[in-house]
Structures are given as structure tokens and as C-alpha cells.
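Architecture and fold: a report
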Amino acid sequence: DPNEFTVTYEAFLNIIHPEDRAAVDEGYLNSLREGKDSYEIEHRIVRKPDDEIRFVHNKCVHERDKDGMIFRSVGIMQDITERKLAEENEERLRFETLLSDLSARFISSTQVDSDIHDSLRRVCECLSLDISTLWQWEPGNPLSLQLSHSHLPPDFPPLPEHMDVPEYFPWN
């Protein structure tokens, strides 16, 4: 409700989702420090009175006086919740399709090692990861894992061949 919103920077920050607030604040302040003419970011807000979380695209333009000094910032927020939800659904569908393809591939595979390497590569691509690994329990040693397969960038340092479970998974 516009009649309930006092236009201050603090009031603006208060409607931003708590997990996004620092990034939005830092981005805005950096745009001022760097003398940029505008600033854009996508983030979440918490709508009152029902605390509904919405995704917004926020664009801010800094206005300058005759000496070129920023004296005011004017912004607009566009609700992009439907687009973000569609993107999330598309990403989830891509991942589910990948898992389904990989499962079907291993049912009739005669080249398991190359299929595993290719699968790790595809997982990296789908999830925008740099590395993907497959570890197996060392035979006869339930406290140690052995590197079975990996997908690494060319410049990535080699991974250890063995991993002690208590060292890397202390809750186990």
C-alpha cells in the first residue's frame, strides 16, 4: 500500500528479504562509490501483511546536480516472480531429464567407465559446476573412500585418491 510506505533508504532495505539485504545494500553503495549512473539487481522482497516472498528486478538511476554530484537516486521495481518460478521449474525439469537419461543409459551400458565420465561431465554442465566426483567405499575399510571417477577442468589440481571419512565427514 503506497500510503503505508515512507520513502527512505531504510524503508526500502526493510522490505528486502533478509538473505538478500546485504547484497542489495552493497551493490547500491558500490554504485555510488564508483560514480556509476545506474544500478540493477534481482532480489527478493517480503510483501506485507502476509509475508509473501516475491522476486523483483530493481533498477536505480542516480541523478546528478550541475557539478556532477549524485544528489538523489530514483528506482523502480518490477515483479519477476513468475519468470523466476518458470526458470526454476525449467532447471528442475532439465535436471530430472538428465537423471532419467543417465539411469536409462546405465541399464544397457557396455562401456560403464566412459559412461560414468560422460555423466559426471553432463552433471557439471547441468548444475554449472566445475568438478564432479564419484567415490566408493574402500573394500574392507568402512572409514575410507576411494576416488572412482571424476570430471575436472584441465587446470584443476589432482584430487587425492583416498579420503578418510572421519576427516571429511565428522558427523558420521
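In the block above lies the structure referred to throughout.
Please read all numbers here as calculations on a predicted model, not as lab measurements.

Let us look at the nonpolar core. Within the largest apolar cluster, eight residues are counted, these being Phe12, Leu13, Ile16, Val24, Tyr28, Tyr39, Ile41 and Cys60. Sorting the residues of this core by element identifies helix 1 (9–15), helix 2 (18–33) and strand 1 (38–47) as the ones contributing at least two each. Excluding residues within four positions of it along the chain, Val24 makes contact with Phe12, Ile16, Tyr39, Ile41 and His43.

It is worth spelling out the sheet that holds strand 1 at this point. Reading across from one edge, 1-2-3 is the order of the three strands in this open sheet, with antiparallel pairing throughout. Looking at the sheet topology across the chains shown, the edges are occupied by strand 1 and strand 3 (70–79). If you compare each strand with its neighbour and ignore which way they point, the axes differ by 30° on average. The pairing of strand 2 (residues 52–64) with strand 3 spans nine bridges and is classified as antiparallel.

Glancing now at the packing of aromatic side chains. If you walk through the whole model with that rule in mind, you get three aromatic pairs. Their ring planes at 35° and their centres at 5.9 Å tell us that Tyr9 and Phe12 sit as a pair that is tilted. You can see Tyr9 and its partner Phe12 sitting in helix 1, three residues apart, about one turn around the helix. A residue is classified by how much of its surface remains accessible, and Phe12, at 17% relative accessible area, is buried. When the centroid spacing of 6.4 Å and the interplanar angle of 65° are considered together, the rings of Tyr28 and Tyr39 count as edge-to-face. Pair noted here: Tyr28 is in helix 2 and Tyr39 is in strand 1, with a separation of eleven residues, a long-range link.

Take the environment of His117 next. The topology assignment puts His117 in helix 4 (residues 112–127). Taking the relative accessible area as the measure of exposure, His117 reaches 38% and is therefore partly exposed. Separated by 90 residues in sequence, His117 and Gly27 have C-alpha atoms that sit 39 Å apart. Contact partners of His117, with chain neighbours within four places excluded, come to His149 and Ser150.

For the rest of this paragraph, the subject is helix 4. With 16 residues, helix 4 extends 22 Å from end C-alpha to end C-alpha; this agrees with the ideal 22 Å at 1.5 Å per step. Among all positions in helix 4, only Asp115, Ile116, Asp118, Ser119, Leu120, Val123, Cys124 and Cys126 are buried. With its phi angle positive at about 55°, Ser128 sits one or two positions after the end of helix 4.

As a further point, take the sheet that holds strand 4 (residues 132–138). The strand order 4-5-6 describes an open sheet built from three strands, whose pairing is antiparallel. Taken across any chain shown, the strands that pair with only one partner, and hence form the sheet edges, are strand 4 and strand 6 (162–164). Strand-to-strand twist in this sheet, taken as the mean axis angle between neighbours without regard to direction, amounts to 35°. In the sheet, strand 5 (residues 141–151) pairs with strand 6 via three bridges, with the strands oriented antiparallel. Among the inter-strand pairings, Gln146 is bridged to a residue of strand 6, identified as His162. Across the sheet, helix 4 is in contact with strand 4 and strand 5; its angle to strand 5 comes to roughly 80°.

Cut-offs used in this document
Residues numbered from 1 in each chain as written. Predicted model: local features only at pLDDT ≥ 70, side-chain atom pairs only at ≥ 80, totals over all residues. Heavy atoms only, no water. Core = buried A, V, L, I, M, F, W, Y, C linked by side-chain atoms within 4.5 Å. Buried < 20%, exposed > 50% of the residue type's maximum accessible area, 1.4 Å probe, protein only. Helix = DSSP H or I, 4+ residues; strand = E, 2+ residues; numbered from the N terminus. Contact = heavy atoms within 4.5 Å. Pairing = 2+ DSSP bridges. Axes fitted to C-alpha atoms, helices over the stretch in contact; angles between N-to-C directions. Phe/Tyr/Trp six-rings, centres within 6.5 Å; stacked < 30°, edge-to-face > 60°. Expected span 1.5 Å × (residues − 1).

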